[in-house]
Amino acid sequence: MGYARIRPALVLAVGECLAVSAAIEYEELEVPGEVEKAVLNLYTYGDSRVLEELSLEDKILVYTIAYGGLILSYTCDPVIPISRAHVTIGIEIVGRGGAPSKVNDRRILEAWALIYQGREEEGLSRIKGVSYYPKQLEWRPGGKIRILPVAVSLALNNIS
């Protein structure tokens, strides 16, 4: 028997057909049960069919947790991660936000380009604001909450 530790993810920004999400080290954010189940299924059986019944937002979270890091996803059916970045900058949660607003896809792509140029803070600043899912949290780059390169830890007990 073993155990898994699954870290949460936050959908930072959503556009018309793109979204940016991050696997984060933030204990105040829970992983939705359906998401946790789907992640464990992917890791255990490699079966992505479990994603078919999930909402768009939950699919984004599953991929983000499964891959880790900062994820750029395509969201206009099918939902699919298209790029991943490992960043050194963290984020700061500055409180509960209001309703999240859609971000223009062009702005998301500009932010992603800056992140890939090593200008992480500038890129994330382009899309900062109120997170989209699972909670509306106001965030900005530069805080102590790490964007994790790995969001799933598996441990297996020694079987004799």
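Details of the structure are given in the entry above.
Given the structure is predicted, the values throughout are model-derived calculations rather than measurements.

The rules behind these values
Residues numbered from 1 in each chain as written. Predicted model: local features only at pLDDT ≥ 70, side-chain atom pairs only at ≥ 80, totals over all residues. Heavy atoms only, no water. Pairing = 2+ DSSP bridges. Helix = DSSP H or I, 4+ residues; strand = E, 2+ residues; numbered from the N terminus. Contact = heavy atoms within 4.5 Å. Axes fitted to C-alpha atoms, helices over the stretch in contact; angles between N-to-C directions. Buried < 20%, exposed > 50% of the residue type's maximum accessible area, 1.4 Å probe, protein only.

**As for the sheet that holds strand 6 (residues 91-96)**
Phase 1 of the analysis: Reading across from one edge, 6-8-7 is the order of the three strands in this open sheet, with antiparallel pairing throughout. Because the sheet does not close on itself, it has two edges, and the strands there are strand 6 and strand 7 (129-130).
Phase 2 of the analysis: When strand 7 meets strand 8 (residues 137-141), the two strands line up antiparallel, connected through two bridges. Residue valine 130 lies in a different strand from strand 8, and its bridge partner there is glutamate 138.
Phase 3 of the analysis: Sheet strands touched by helix 4 (residues 120-127): strand 7 and strand 8. Its angle to strand 8, the strand with the most contacts, is close to 150°.

**Notes on unusual backbone geometry**
Phase 1 of the analysis: Between aspartate 77 and proline 78 the backbone carries a cis peptide bond, its omega angle lying at 10°.
Phase 2 of the analysis: Among the secondary structure elements, proline 78 is positioned in the loop between strand 4 (70-74) and strand 5 (80-85).
Phase 3 of the analysis: Residue proline 134 is reached from tyrosine 133 by a cis peptide bond, and omega for that bond is 5°.
Phase 4 of the analysis: Take proline 134: it is sitting in the loop between strand 7 and strand 8.
Phase 5 of the analysis: A positive phi angle, close to 55°, is found at aspartate 77, a residue other than glycine.
Phase 6 of the analysis: Summarising the element assignment, aspartate 77 is placed in the loop between strand 4 and strand 5.
Phase 7 of the analysis: Judged by relative accessible area, aspartate 77 falls into the exposed class, the value being 70%.

In short, geometric facts, not functional conclusions.
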